[in-house]
Amino acid sequence: DSLVFYVAESGSDSNDGLSPNRPLRTIAEGVRKLRDGQPDWLLLRRGDTFSENMGGNWDKSGRSESEKMVIGAYGEGPRPVLLTGTGKGITLFKRDRREHLAFVTLEIRAGVRYSDYGIRFVSSGVRDVLFEDLLVSGFTHAIAIQGDGNGDARDIKIRRSVFLDSGGSTHSQGIFTHKVDGL
């Protein structure tokens, strides 16, 4: 019962997005269509560049460890690029439970060099999240995963990814984790 939504530069948000032949145009519309608590997939076309991020505060979860919600790529060629402007690429910053997620085969690039976080998940409700085959570059902080005052983030996997060119006038870092149980 998974739904797979396709997004491409040449798409249209008036399409249903349920086929590579009828892709959506924006990531925002694709994220809007994902169903919380379901094993839906959002796939961005390889070789395309999107001048947007994954939206505001990430508010979706998959169904279970074996039925994750997947955000990834389709087609042939290089990873799809999210050119984020001055914002974060993917962010989750609240106490809501978000779990059973996989972010795979994406390039997240700062639109303004050293402007923010590439990926930032700060919540004790973060569980079972996979980050794989990512290229994150040009941010002050490439990826930060941490629990909060209510507890630890749990079961985070970071595999086969490259975090590079982190810098700026503040404390820059490639990977920062704190209060994570199972990394």
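Structure shown above.
The numbers attached to residues start from 1 for each chain and follow its sequence in the written order. Selection of residues for local features in this predicted model requires a pLDDT of at least 70, selection of side-chain atom pairs for listing and counting requires 80 or more, and totals for whole chains, interfaces and linings are taken over all residues. For side-chain calculations, the full set of non-hydrogen atoms in the structure is used, while hydrogens and water are omitted.

Caption draft 1: Molecular detail of the overall build of the protein. Helix and strand assignments come from DSSP, with helices taken as H or I runs of at least 4 residues and strands as E runs of at least 2, each series counted from the N terminus. Assigned secondary structure in the protein consists of 1 helix and 14 strands. In terms of overall dimensions, the protein has C-alpha extents of about 45 × 35 × 25 Å along its principal axes. Exposure classes here rest on a 1.4 Å probe applied to the protein chains alone. A residue is buried below 20% of its type maximum, exposed above 50%, and partly exposed in between. Counting all 183 residues of the protein, 51% fall into the buried class. What makes two residues a contact is simply this: any of their non-hydrogen atoms within 4.5 Å. Taking the intrachain contacts of the protein between residues at least 6 apart in sequence as the baseline, contacts between residues at least 24 apart amount to 79%. Areas reported as accessible are Shrake-Rupley estimates using a 1.4 Å probe. Residue values count occlusion only from the protein chains shown. For the protein, the accessible area works out to roughly 8000 Å², and carbon and sulfur atoms hold 45% of it. For the purpose of counting charges, residues Lys and Arg are taken to be positive, whereas Asp and Glu are taken to be negative. His and the chain ends are not included. Positions of charges follow a simple convention, taking NZ of Lys, CZ of Arg, CG of Asp or CD of Glu. Distance between charge centres in the protein, computed from 25 positive and 25 negative side chains, equals 2 Å.

Caption draft 2: Representation of the pairing of strand β11 (residues 153–159) in the model. Any two strands are treated as partners once DSSP identifies two or more bridges connecting them. Where strand β9 (residues 126–137) lies against β11, 5 bridges are found, and the strand directions are parallel. If you follow E132 over to β11, its bridge partner there is R159. Note: β11 against strand β14 (residues 180–181), 2 bridges, orientation parallel. From the neighbouring strand, A153 faces β14, where its bridge partner is V180.

Caption draft 3: Quick peek at the packing of aromatic side chains. Classification of ring pairs uses Phe, Tyr and Trp, with its six-membered ring standing for Trp, and accepts pairs whose centres are within 6.5 Å; under 30 degrees between planes counts as stacked, over 60 as edge-to-face, and the remaining range as tilted. Per the counting criterion, the structure on display carries 5 aromatic pairs. Here W58 and F103 contribute two aromatic rings whose centre-to-centre distance is 5.4 Å and whose plane-to-plane angle is 75°, an arrangement assigned as edge-to-face. Of the two residues, W58 is situated in the loop between β3 (49–50) and β4 (69–74) and F103 in strand β7 (residues 98–109); the sequence distance between them amounts to 45 residues. Assessed through its relative accessible area of 2%, W58 is described here as buried. Judged by relative accessible area, which is 0%, F103 ranks as buried. On the basis of an interplanar angle of 10° and a centroid distance of 5.7 Å, the ring pair of F103 and F131 is categorised as stacked.

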